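Residues per chain are reported as follows:
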Amino acid sequence: MNIADIRTDYKLMTLTESDVANNPFDQFTKWWQQAIHSQIDEVNAMTLATVTKEGKPDARIVLLKDFTEQGFVFFTNYHSKKGKEIAGNENAYLVFFWKELQRQVRISGTIKKISAEESDRYFYSRPSGSRLGAWSSPQSEIISSRAILEKNEKVYLEKFGEQIPRPGHWGGYVVIPNSIEFWQGRSNRLHDRLQYSLKENNHWEIERLAP
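No experiment lies behind these values; they were computed from the predicted model shown. (Residues numbered from 1 in each chain as written. Predicted model: local features only at pLDDT ≥ 70, side-chain atom pairs only at ≥ 80, totals over all residues. Heavy atoms only, no water.)

J.: I tried to follow the overall build of the chain on my own but got confused; where do I start?
T.: Within the chain one finds 5 helices and 9 strands. In sequence order, the secondary structure elements of the chain are arranged as α-β-β-β-β-α-β-β-α-α-α-β-β-β. Judged by the C-alpha coordinates and their principal axes, the chain covers about 60 × 50 × 40 Å. The burial tally for the chain puts 39% of its 211 residues in the buried class. Look at the contacts in the chain between residues 6 or more apart in sequence, and 64% of them connect residues 24 or more apart. If you sum the accessible surface of the chain, you get close to 12400 Å²; carbon and sulfur atoms cover 49% of it. Charge separation in the chain, taken as the distance between the mean sites of 28 positive and 27 negative side-chain charges, equals 4 Å. (Helix = DSSP H or I, 4+ residues; strand = E, 2+ residues; numbered from the N terminus. Buried < 20%, exposed > 50% of the residue type's maximum accessible area, 1.4 Å probe, protein only. Contact = heavy atoms within 4.5 Å. Areas by Shrake-Rupley, 256 points an atom, 1.4 Å probe, with all protein chains shown as cover. Lys, Arg positive; Asp, Glu negative; His and termini not counted. Charge placed at Lys NZ, Arg CZ, Asp CG, Glu CD.)

J.: Would you take a moment to explain the nonpolar core for this structure?
T.: Nonpolar side chains in soluble globular proteins tend to end up buried together. Counting residues in hydrophobic clusters, the biggest one holds 32 residues, and the most contacted among them are Phe-28, Phe-74, Trp-98 and Val-105. When residues of this core are traced back to their parent elements, those giving at least two are helix H1 (24-37), strand E1 (45-51), strand E4 (71-77), strand E5 (91-98), strand E6 (103-113), strand E7 (170-184) and strand E8 (192-198). If one sorts the elements of this core by residue count, H1 sits on top with 5 residues. Residue contacts for Trp-98: discarding those within four places in its chain leaves Phe-28, Trp-31, Trp-32, Ala-35, Ile-40, Val-43, Arg-103 and Val-105. (Core = buried A, V, L, I, M, F, W, Y, C linked by side-chain atoms within 4.5 Å.)

J.: Whenever I open this one, the pairing of E6 confuses me. Can you help?
T.: If a strand is regular, its side chains alternate between the two faces of the sheet. Looking at chain direction, E5 and E6 are connected through 8 bridges and run antiparallel. By the bridge assignment for E6, Leu-94 is matched with Ile-107. As paired elements, E6 and E7 share 11 bridges and run antiparallel to each other. Among the inter-strand pairings, Gln-104 is bridged to a residue of E7, identified as Trp-183. (Pairing = 2+ DSSP bridges.)

Below is the structure:
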C-alpha cells in the first residue's frame with residue numbers, strides 16, 4: 001500500500017463547547033475515565049517533548065503516573081538526556097493519543113521536580129525489579145554492550161537484596177500546564193479542537209481552534 005493512501009475518517013464522537021467542563025483538569029478526568037473504560041493498551045503512555053538550552057527539541061514516550069490540578073507527573077533518571085534538557089530549559093509539552101477514541105490531549109507548560117517524599121512514595125510502590133533497574137541503568141549514556149546492564153543488576157542485587165533504596169538521581173517531575181487542548185477527530189479532517197488557556201487570576205479561557 002502506498003503510504004499516501006493510508007487514511008482513517010474519524011466519525012466516533014463530537015466535541016462542542018457545551019460538552020466540556022469549565023476546568024481543564026475536570027475535562028481531562030472525564031476523558032481519562034472514558035479512556036480507562038475503553039481498555040486502551042497503555043492508556044497512560046504520553047509523548048514528552050523537551051527543549052535544550054540551545055532550543056533544539058527532543059521527544060520520547062513516558063508514562064503518566066499521577067495527575068492533579070497541580071499538573072501531570074512522570075518519573076525518570078535525573079541524569080538522563082531528558083533530565084539534562086529539563087535542567088537547562090523548563091519548557092515542556094505532553095501529547096496523549098488515544099486512537100481507539102480518536103482523541104488527542106495536548107499540554108503545554110513548564111516542568112519541575114516533585115518533592116523527595118513524593119518520589120519516595122512512588123518508588124517504594126514499584127516492583128523490586130523496577131527499583132533495581134533504576135540503579136542498574138546509566139540512562140542515555142553510551143555502553144559497550146547489554147552485559148553492562150546485566151552486570152550492574154547483579155552488583156546492586158548483591159548490595160541491596162530486597163531492601164532497594166531510591167537513588168538520589170531518580171525521581172519525579174510535574175508538568176504544570178498553561179494550556180491544554182482537547183482534540184476530537186471528525187470526518188473530512190474537520191476536527192474539533194477546544195483549547196483551555198490560563199489567564200490572569202488562574203482563570204481558564206476556552207477557545208475553539210480551526211483544525
